[in-house]
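Listed below, chain by chain, are the residues.
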Amino acid sequence: MEYLVVRCPRCSMPSAVRLGSLSHTCPYCGTRFKVNEVNIVARARNGREASELVRRMLAQGR
Ligand SMILES: [Zn+2]
């Protein structure tokens, strides 16, 4: 199952979304948004890779 890493349009924090999901709720600020309306910053082959990407982005502060 592939994942996307998207940025919340409100708080701009990255989070992982399963590929094919239409909407997503930001785990940081609770904003619900449509996946196809926001920036996809990365793709991952699985959930573990996706959370690793998110973790790395957070560690770099962007
Ligand atoms: Zn947010």
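Caption draft 1: A look at the overall build of the protein chain. In terms of regular secondary structure, the protein chain is built from 1 helix and 5 strands. Reading the helices (α) and strands (β) of the protein chain from amino to carboxyl end gives β-β-β-β-β-α. Taking the principal axes of the C-alpha coordinates as reference, the protein chain spans close to 25 × 25 × 15 Å. When the 62 residues of the protein chain are sorted by exposure, 18% land in the buried category. If you take every contact in the protein chain between residues at least 6 apart in sequence, the share linking residues at least 24 apart comes to 45%.

Caption draft 2: Quick look at unusual backbone geometry. Even without a glycine there, the phi angle at Ser 12 is positive, about 60°. Mapped onto the elements, Ser 12 comes out in the loop between strand S1 (3-7) and strand S2 (14-18). Note on Ser 12: 13 C-beta atoms within 10 Å, which makes it partly exposed.

What counts as what
- Residues numbered from 1 in each chain as written.
- Predicted model: local features only at pLDDT ≥ 70, side-chain atom pairs only at ≥ 80, totals over all residues.
- Helix = DSSP H or I, 4+ residues; strand = E, 2+ residues; numbered from the N terminus.
- Buried ≥ 20, exposed ≤ 12 C-beta atoms within 10 Å, placed from the backbone.
- Contact = placed C-beta atoms within 7 Å.

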